[in-house]
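If you want the building blocks of each chain, they are given just below.
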Amino acid sequence: MKAHRLLIALTLVLAILVIVACAPAPTPAPTAAPPTAAPKPTDAPKPTDAPKPTSAPATTVPATAAPKPTDVPKPAAPTVLRFRNARDPRTLEPGLFLELVTGGIAKDMHAGLLRYNEKMDIVPFIAKEWTVSSDGLTYTFKLRDDVKFHNGRKVVADDFVYTFTRILNPKIKAAAGPSNLAQVKGAKDYMDGKATAVEGLQAPDATTFKIVLAKADPALILRLATAFMSVVPKEAVIDGEAKWKDKPVGAGAYRYVDWQPNVKVVLEANPDYFLGKPKIDRIEFLTVPDAATALAQYQKGELDILGVTGAQLAQVNADATMSKELVQFPRGQLTFFVLNEKRVPAFKDKNVRQAFNHALDRKTLIEKVMRNDRNVATGYIPLGIPEAIAGETGYAYDPTKAKELMTKAGFADGKGFPKIEFVTTADEQTLAEAIVAQLKANLGIDVTVRIGESGDVLNGLWALDKWDMVSWGWSADRPAAEVWLYELLYSKNDSNFASYNNPEYDKLVDKALGEVDAAKRTAAWRDVAKMANDEAPMIPFGFAKYLYLVKPYVKSFSADLLGPTRNENVLIQK
Amino acid sequence: MAQNSILPVTPRQPAASNLWLDAWYRLQKNRAAVVSFVFLLALILFVTLAPLLGLPSPTEQDFGRMNEGPAPDHIFGTDELGRDMLSRIVFGGQVSLLVGLGVQISVAVIGMLLGLIAGYYGGMIDTTIMRVVDTMYAFPPFLFAVFMAAILPPSVWSIVLVLVLVGWPWEARVTRGLVLALKEREFITAARVVGASNWRIMLKHILPNSLSPIIVGFSIGIAGTIMAEAGLSFLGIGIRPPTPSWGGMIDKGRQYLQVYPHLSVFPSIALALTVLAFNFLGDGLRDALDPRMRKD
Amino acid sequence: MSRFFIQRIIATLFSLFGATLIAFFASRLAPGDPIRLMMGDQNVSPQVVQRLQAQYGLDQPIPVQYVYFLRNALTGDFGTSYYYIGKPVLQVIAPGALVSLQWESVALVIAVALALIFGTLSAIRHNTWLDNAVMFVALSGISIPSFALATFLIVVFSLKLDLLPVAGLTTPAHYVLPCLTMAAQPAALLARLLRASMLEVINQEFIITARAKGLRETVVIVRHALKNAMLPTLTVLGIIVGRILAGAFLIETVFSIPGIGRIGVQAVIQRDYPVILAITVLLSVVFLLVTFIVDLMYGLLDPRIRYNS
């Protein structure tokens, strides 16, 4: 038939079109690139990039930085470790933005004065040792002299002065400066444009860095140990702008190779890393927005390490391979439900708040619905944080008592209680539906669920008067009780999302914050915690866990309360 | 008739009141359309009367029986909170059908009317309407939907409104295209010469003659709307829980495709069958309304 | 023709203006303070927030902000992204636009080719099993939400059969699943419309005349029937390009494709106003261009439509 010839012709056309369209399109696959690319000539520091003699000893700059023989492509295939990020980092400059994705990458690329060890103790990093004056106002750091930036230049004390001044510069709009260095002498004047330098940031010589405070700030050292306070070289950034001059440069274990927005960030081992070249040649942080896709990529071997959510555990546990590859670490995060007193005046009544706390069967919800993706919260301070109270039990599931408390508050069987909305994110939709059912059954009140995108939920939280009841998590960036008891519940705090206002409570917090003696401080915070528990200003729900799928060939991967540990000691043994 | 005539539509007599009766007889001969029609009627009846069917509550949870496959008391199994899947699919159908029909009827009325006016009158009226259409159409619809979802209160009607706003320009454009091709035809000129009013020409001559592509569009439109609602669910701005909707169930269920396929497969089948039925019915109507498509 | 061009250009500019106006005001009406969202869950004092708002010009009245935006946009300056710190907007969206152009054109070519083949075949073999089978498959193509189809294809072809990669867009193999998922719906839609209009054309006198003149069937179908049947589908083709652009974000998200749709949705979620506005402008221009071209083709194919009347 003639029509058949037509069909054949059209099929041919289709085939040709597809071939033509596909062939030139893909860019060369970066993953298929030759093993360990040797540093490009641009990697070497240009003489013009060298610091001015006034700011640093010029002798630290090597005249040439020609590729060393060790950088020549090795015969063995490079080892690559592939992580997933749900979204892109916002920047690769550590101090500009305090956020998990940015911080996760900063940790491997950058280095700062101090860092945490696996026991959450602060240990030397670029600073060999440090001293604090008896009045708590002067911090003196002695720096190592063998630390080099990825561009080959030595790290000197002036770099810290520059970096810290930079993140305080109002034009840069960085958050790390104002929130971490607010008490530094002269910081306020500098931020207000009244001074051209920060008086309290000083570099007496190349290996001595001094911070002078206007007001004692015992938690400063905890904040200096985060990745956000890492050092950046002046010659690699644009002064007065939140931009790299060319490509990102740090002093950490891995150096920058490439960042394809919405695809991945690629780092490679820094051969000159001052603690020894890391054992993995390359790290890739893939941006994968869809959780189901990320899991499939892990199964297929396109990812080596993948954080999973409680919702995904159903699938992970049911899979013979993945269930064996799941590892868990405790996390310094409290998940809680805000009972907003501004929106719902009934929450001003302690009986109501306690009733809500008694009405939820945390254990069953966490075990059945969330498949133990977290532990039951027994209080406000996650276990593992020094001030946490071991053996605390929190609110037991007790519907009878909950009903009694509601009756006492004048809401017998929920009568007269306003209709409220419970706001949460899509990840926790199932949990929210289960919680709403328990509140209905045990308190007789009607709660609707609203699923919001996490940015919107967060925004409503900060607005303080938008959500009646909302689920959120508050993570530690430092191991200290104040993260929860002060930031979330102190009446004058912006992040007092419940608008909880109790002068007695504030007084206790003030006392703990001002306590200089370490042992007394811990005791004071425990008093605060006990009061918070009794007052029930929120519903503490769970202490989070880090849940990771880790391929068996990845060794020594670990996470502490603050997040996955640096990847410099991770190994791949296939 | 010119050799290169483009949209060859046979002029129809204005007073063809039994045209629809003829069409009805022809429709009955189309098996796929009849089956679809019966299926959709049954479905609509079923989901409307759902509360009377004695199904388990779609929101009743049973932690002891989560993610179970089909069983005698839960013939489609249970979901991640131990709720009856059949019941959720039936109640989810209410929402999906409501959204699909509500949106398409509004879109058809608004779009056809404006397209008809624009195409028929031409000139400034056409220009004005089409500029609005182009503007609305040019605006990336998903951005528009996400915006609107953020502004409007979370309810089924907000979703209907969003989808109507996104949908009508397409209908208007298609109708206008058809009208443009039709209005130069002899029978329209003839009607005008006889002194028929503009509205009479539009409604009695042009509209019936451009109806068949629009009906195909309507059936695809309902399908498309149900799918669009599912797309909104994917973005987390669809029908809010605990109200079940097919799109929401499919999106949640696809996460467990490998271990608990019933969570996404059953709602997908429900959605696909409904969409298929609307399409078959649309095809059948189209053939029935257009005598030239009659089988010899 | 030149008058027609000028008219179209004015119309296009008008629509562009309208689209940016909607985008601008909608973005300002949407709840969510971009500065707060920029700060994430850091504890930032209200003073800092206020200062930042002033720096981004967000303390100005909305109409004033809009005028600033237009003025800068005319010079090609869309500002700096709120999300990607220090990154000009054009740098954020340009790579995405290229990626989308690449894979979406492949998808479009596949869709049109499939539609031409199966729509024509179906019409020629009207009411046979072949017609029925093709139409059934075509209908199934539009009966499953693309994000579900995408996940299904990943599980089957990447995990179970181990044939194709899961996500990304680095090798030709990466194109297969997203392009097929994308092409399914427009192909089905086009095929059905093409079949419908082919059926109308095929019984026309001029086709019968052409056959009577003894022309080969292939020539009759391709030169005469298909050419004429394509006109009504052309209107739709413009809209189909629109649908591809509009639906792409679902597929780009599931397959981790760094395209413009995904960047757009993320920008809305993050309230990255400058990026949203730039994407609106970009996508609007694409839509309007496509509409423009379709109208032109309409004129070329149908001599009765004159643009200077």
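Examining the overall build of chain A
At step 1: Of regular secondary structure, chain A possesses 17 helices and 21 strands.
At step 2: Per-residue burial over chain A gives 57% buried out of 574 residues.
At step 3: The long-range share in chain A, meaning contacts at least 24 apart out of those at least 6 apart in sequence, stands at 68%.
At step 4: When the accessible surface of chain A is totalled, it reaches about 23,100 Å², and 56% of it is carbon and sulfur.

Remarks on helix α8 (residues 172-202) of chain C
At step 1: End to end, α8(C) covers just 39 Å across 31 residues, shorter than the expected 45 Å (1.5 Å per residue, more than 12% under).
At step 2: Most of α8(C) sits inside the fold, with 24 of its 31 residues counted as buried.

Here we look at the pairing of strand β6 (residues 201-205) of chain A
At step 1: Note that β6(A) and strand β7 (residues 208-212) of chain A share three bridges and pair antiparallel. For A:D205, the partnering residue across the bridge sits in β7(A) and is A:T208.

Overview of unusual backbone geometry
At step 1: Although it is not a glycine, A:N262 adopts a positive phi angle of roughly 65 degrees.
At step 2: Mapped onto the elements of the fold, A:N262 is located in the loop between β8 (254-260) and β9 (264-269).

What to know about the sheet that holds strand β10 (residues 282-287) of chain A
Through backbone hydrogen bonds, the strands of a sheet pair up, either in parallel or in antiparallel fashion.
Residues and elements named next belong to chain A.
At step 1: Read across the sheet, four strands follow the order β1-β10-β9-β8 without closing on themselves; strand pairing throughout is mixed. The open sheet has two free edges, formed respectively by β1 (80-85) and β8, since each of these has just one partner strand. In this sheet, adjacent strand axes meet at a mean angle of 20 degrees when their direction is disregarded.
At step 2: Sheet topology note: the β8/β9 ladder contains six bridges and is antiparallel. Following the sheet pairing, R255 is matched in β9 by E268.

Examining the environment of A:L286
Residues and elements named next belong to chain A.
At step 1: Structurally, the position occupied by L286 is in strand β10.
At step 2: On the basis of relative accessible area, L286 is assigned to the buried category, the value being 14%.
At step 3: The sequence separation of L286 and V352 amounts to 66 residues, and the corresponding C-alpha distance is 46 Å.
At step 4: Residue contacts for L286: discarding those within four places in its chain leaves R82, F83, R84, N85, V263, K264, Q297, E302 and L303.

Quick notes on the packing of aromatic side chains
At step 1: As enumerated under the stated definition, the model contains 32 aromatic pairs over all chains in all.
At step 2: Ring geometry for A:W259 against C:Y84: centres 6.1 Å apart, planes inclined by 55 degrees, an arrangement best described as tilted. One end of the pair, A:W259, is in strand β8; the other, C:Y84, is in the loop between α4 (62-74) and α5 (89-124), on a second chain. Each member of the pair, A:W259 as well as C:Y84, carries the same accessibility label: buried.
At step 3: Among the aromatic residues, those joined into a ring-pair cluster are A:F83, A:F285, A:F329, A:Y546, A:Y548 and A:F557.
At step 4: Its end group placed over the ring of A:W259, C:K87 keeps NZ or CZ at 4.9 Å from the ring centre.
At step 5: The ring of C:Y84 has C:K87 sitting right over it, with the charged end atom 5.4 Å from the ring centre.

Remarks on the pairing of β9(A)
All names here are of chain A.
At step 1: Buried residues dominate β9, accounting for six of its six residues.
At step 2: Once β8 ends, the chain turns through three residues before running back antiparallel as β9, passing N262 with a positive phi of about 65 degrees.
At step 3: As paired elements, β9 and β10 share five bridges and run antiparallel to each other. Bridged to V266 within β10 is E284.

As for the domain arrangement of chain A
All names here are of chain A.
At step 1: Per the domain assignment, the segments of chain A are domain 1 (80-304 + 551-572) and domain 2 (332-545).
At step 2: Here the C-alpha centroids of domain 1 and domain 2 sit 32 Å apart.
At step 3: Of the roughly 820 Å² buried where domain 1 meets domain 2, counting both sides, 69% is carbon and sulfur surface.
At step 4: It is L222, L561 and L562 in domain 1 that bury the most area against domain 2; as a group they hold 53% of the surface buried on that side.
At step 5: For the interface between domain 1 and domain 2, the tally reads zero salt bridges.

Digging into the interface of chain A and chain B
At step 1: On the side of chain B, 20 residues touch chain A, which itself brings 22 residues to the contact.
At step 2: Taking both partners together, chain A and chain B bury about 2,000 Å²; carbon and sulfur atoms supply 51% of that area.
At step 3: Considering only the side of chain A, the residues that lose the most area to chain B are A:Q315, A:T430 and A:E433, jointly responsible for 27% of the buried surface there.
At step 4: The interface formed by chain A and chain B includes two salt bridges.

Observations concerning the nonpolar core
All names here are of chain A.
At step 1: Grouped together as the largest cluster of nonpolar side chains are 260 residues, with contacts concentrated most on F141, I211 and L485.
At step 2: Viewed by domain, this core spans two of them, domain 1 (80-304 + 551-572) and domain 2 (332-545), each represented by three or more residues.
At step 3: Those residues in contact with L485, other than ones at most four positions away along the chain, are Y380, I381, Y490, Y505, V509, W525, V528, A529 and A532.
At step 4: Among the nonpolar cores identified, the runner-up in size contains 39 residues, and V344, A346, L439 and F541 belong to it.

Here's the deal with the environment of A:A291
At step 1: Locating A:A291 in the fold gives a position in helix α7 (residues 291-300).
At step 2: On the basis of relative accessibility, which here comes to 22%, the residue A:A291 falls in the partly exposed class.
At step 3: As a C-alpha pair, A:A291 and A:A86 span 205 residues in sequence and 7.7 Å in three-dimensional space.
At step 4: Among residues more than four places away in sequence, those in contact with A:A291 are A:R84, A:Q312 and B:Q255.

Digging into the sheet that holds strand β4 (residues 127-132) of chain A
Residue and element names in this part refer to chain A.
At step 1: Spatial ordering of the open sheet is given by β4-β5-β7-β6, a layout of four strands whose pairing is antiparallel. Each end of this open sheet is capped by a strand with a single partner; those strands are β4 and β6. For this sheet, the mean inter-axis angle between neighbouring strands, taken without regard to orientation, is 20 degrees.
At step 2: In this sheet, β7 lies alongside strand β5 (residues 138-143) in antiparallel orientation, the contact comprising five bridges. Looking at β7, one finds that Y139 is bridged to I211.
At step 3: Together, β5, β6 and β7 form the strand contacts of helix α3 (residues 157-168), whose direction differs from that of β6 by roughly 170 degrees.

Notes on the environment of A:F497
Residue and element names in this part refer to chain A.
At step 1: Mapped onto the elements, F497 comes out in the loop between α15 (482-485) and α16 (503-514).
At step 2: Residue F497 is classed as buried on the basis of its relative accessible area, which comes to 2%.
At step 3: For the pair F497 and H110, spaced 387 residues apart in sequence, the C-alpha separation works out to 33 Å.
At step 4: In this structure F497 touches V338, N340, L461, W462, L464, W474 and L488, once residues within four positions along its chain are discounted.

Examining a nonpolar patch on the surface
Residues and elements named next belong to chain B.
At step 1: A cluster of nonpolar side chains, namely L21, W24, Y25, F37 and L41, defines an oily patch on the protein surface of about 510 Å² accessible area.
At step 2: Those elements giving two or more residues to the nonpolar patch turn out to be α1 (19-29) and α2 (31-48).
At step 3: Relative to the assigned elements, Y25 resides in helix α1.
At step 4: Classification of Y25 as partly exposed rests on a relative accessible area of 48%.

Details of the packing of α7(A) against helix α8 (residues 310-318) of chain A
Residue and element names in this part refer to chain A.
At step 1: Between α7 and α8, the least distance of the axes is 11 Å, while the angle of their chain directions is 30 degrees. As far as their axial angle goes, α8 and α7 are roughly parallel. Here α7 and α8 pass one another in a crossing that is right-handed. Only Q312, Q315 and V316 of α8 make contact with α7, whose side of the interface consists of A291, A292, L295 and Q299.
At step 2: For the contact of α7 with α8, a count of residues per class yields four nonpolar, three polar and no charged.

Cut-offs used in this document
- Residues take numbers from 1 onward in each chain, read along the sequence in its written order.
- Chains carry letters from A onward and ligands carry numbers from 1 onward, assigned in written order.
- Only residues with pLDDT of at least 70 are given local features in this predicted model, and only at 80 or more are side-chain atom pairs given and counted; all residues enter the totals for whole chains, interfaces and linings.
- Side-chain numbers here rest on the full set of heavy atoms in the structure, without hydrogens or water.
- A run of H or I in DSSP counts as a helix once it spans at least four residues, and a run of E counts as a strand once it spans at least two, with each numbered from the N terminus.
- For every residue, the accessible area (1.4 Å probe, protein chains only) is compared with the maximum for its type, and the residue is labelled buried under 20%, exposed over 50%, or partly exposed between those bounds.
- The contact criterion used is simple: two residues touch if any of their non-hydrogen atoms lie within 4.5 Å.
- Computed with a 1.4 Å probe, the accessible areas rest on the Shrake-Rupley method; for each residue, only the protein chains presented here act as cover.
- Helix span, as expected, comes to 1.5 Å for every residue beyond the first.
- Paired strands, in this sense, are two strands between which DSSP finds at least two bridges.
- Helix axes use the C-alpha atoms of the stretch in contact, all axes being lines fitted to C-alpha atoms, and the angles between their N-to-C directions lie in the range 0 to 180 degrees.
- What counts as a ring pair is set by centres within 6.5 Å for rings of Phe, Tyr and Trp (its six-membered ring), and what kind of pair is set by the plane angle: stacked under 30 degrees, edge-to-face over 60, tilted for all other angles.
- Ring-over charges, as used throughout, are those where CZ of Arg or NZ of Lys falls within 6 Å of the ring centre and within 35 degrees of the ring normal.
- An automatic or database domain assignment is the source of the domain bounds shown.
- By convention, the term buried area covers the 1.4 Å-probe accessible surface removed from two parts as they join, with the contributions of both added.
- For this analysis, a salt bridge means a side-chain nitrogen from Lys or Arg found within 4 Å of a carboxyl oxygen belonging to Asp or Glu.
- Residues belong to a common nonpolar core when they are buried Ala, Val, Leu, Ile, Met, Phe, Trp, Tyr or Cys residues joined through side-chain atoms within 4.5 Å.
- Only residues whose relative accessible area exceeds 30% and that take part in no salt bridge are eligible for patches, with like-charged residues grouped when within 9 Å of each other and nonpolar side chains (Val, Leu, Ile, Met, Phe, Trp, Tyr) grouped when within 5 Å.
- Oblique is the label for any angle not under 35 degrees, not over 145, and not in the 65 to 115 range, which are roughly parallel, roughly antiparallel and roughly perpendicular in turn.
- By definition, any crossing whose near helix is turned counterclockwise from its far helix by less than a right angle is left-handed, and any crossing with a clockwise turn is right-handed.
- Under the scheme applied, nonpolar residues are Ala, Val, Leu, Ile, Met, Phe, Trp, Tyr, Cys and Pro; charged residues are Asp, Glu, Lys and Arg; polar residues are all the others, including Gly.

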